[in-house]
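# Breakdown of the fold
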Amino acid sequence: MQHPRTSTTAPAHRRRPTRRAGRLAALAASVTAVVGLTMLGGPAAHGADNPYERGPAPTESSIEALRGPYAVAETSVSRVAVTGFGGGTIYYPTSTTDGTFGAVAVSPGYTGTQSSIAWLGPRLASQGFVVFTIDTLTTLDQPDSRGNQLLAALDYLTERSSVRNRIDSSRLGVMGHSMGGGGSLEAAKSRPSLQAAIPLTPWNLDKTWPEVKTPTLIFGADGDTIAPVATHAEPFYATLPSSLDRAYLELNGATHFTPNTSNTTIAKYSISWLKRFIDNDTRYEQFLCPLPRPSLTIEEYRGNCPHTS
């Protein structure tokens, strides 16, 4: 302990370094505070600003990869254990350290089963989603029925499934192929709270969708003779509200059944769309805006940029 006389008897000129040291200490504290505030504006703060971000910063190669950063497990759901749809398979990240994940239900098309869209399960789940590829009540179900079944699957997933505690029930989306794609539009129309919809070469007798309020990415195929883009995907896109975050990607050299096998272009832009709108992860905006240009795999791409949702 300092002797009392040290402070009371020291001459005035000996006190100046103490005041100078105090000023230096205050300056150092100010610099530290400024540095701290600067760091808060960096990547760590961005993550804090958006608690839904999952996984490392994306790159072109990471979203084109067959598997993302998360290890994936799967569990089968019997049709006899559910109501409103035909059961299916749940794919989910095994990690429990990153909090909850957004979830997506995926429907097959006319006469199809979940096996026809199974490739999407692990590919999307490994990027940080819970994915439910479903079977429908019958293989002949029409789009309106498939839309209801997608919603029933999401309700099961978030309320009764074995992985419900891994899911944020406010961050949900739907996908589907052919009549399942038409069904994803029906689901989005019925439940505006959905965060994303991705119809894949969709088919539906209803050609107009002004009621949809969910950010929607529609995939068409230039060689589709079952749901030709001129009478399905294109008018579906064109009749979505112009104020909506929406996009239309027409696959080049593709057919109606292209979404039934692993496809890098479908995966790349689906991942980016789901991340951007289910996770609010603007790190993926770079892959959607500016609009992708025609290429060997893209016949054309339409949409609005920048996105506002």
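A brief look at the structure comes next. What you are looking at is a predicted structure, and each value in this text was computed from that prediction instead of being measured.

Turning our attention to the nonpolar core. Across soluble globular proteins, nonpolar side chains have a tendency to be buried as a group. Counting 38 residues, the largest nonpolar core has Phe-85, Ile-90, Val-130, Phe-132, Leu-154 and Leu-157 as its most contacted members. When residues of this core are assigned to their parent elements, the largest contribution, seven residues, is made by helix α6 (residues 143-159). Contacts of Ile-90, omitting those with residues within four sequence positions, involve Ala-73, Glu-74, Thr-75, Val-77, Val-130, Val-131, Phe-132, Tyr-156, Leu-157, Ser-161 and Val-163. Listed in part, the 35 residues of the second largest apolar core include Val-106, Ile-117, Phe-277 and Leu-288.

A word on unusual backbone geometry. A cis amide bond links Cys-289 to the next residue, Pro-290, at an omega of 0 degrees. Along the chain, Pro-290 falls in the loop between α9 (264-278) and β9 (298-303). A cis amide bond links Cys-305 with the next residue in sequence, Pro-306, at an omega value of -5 degrees. As for its position among the elements, Pro-306 is in the segment after β9. We note that Thr-111 has phi near 65 degrees; this positive angle belongs to a residue other than glycine. Among the structural elements, Thr-111 can be located in the loop between β3 (101-107) and α5 (120-125).

What counts and how
Numbering of residues begins from 1 in every chain and follows the order in which that chain's sequence is written. Given that the model is predicted, a residue must reach a pLDDT of at least 70 before its local features are reported, and side-chain atom pairs must reach 80 or more before they are shown or counted; all residues, however, enter totals for whole chains, interfaces and linings. Water and hydrogen atoms were dropped before computing side-chain values, which therefore reflect all heavy atoms in the structure. Among buried residues, the Ala, Val, Leu, Ile, Met, Phe, Trp, Tyr and Cys ones that are joined through side-chain atoms within 4.5 Å form a nonpolar core. Exposure is judged per residue with a 1.4 Å probe applied to protein chains only, and the accessible area is read against the type maximum: over 50% gives exposed, under 20% gives buried, and values in between give partly exposed. Helical segments are the DSSP runs of H or I of at least four residues, strand segments are the runs of E of at least two, and each set is numbered from the N terminus. Pairs of residues are marked as contacts when any of their non-hydrogen atoms sit within 4.5 Å.

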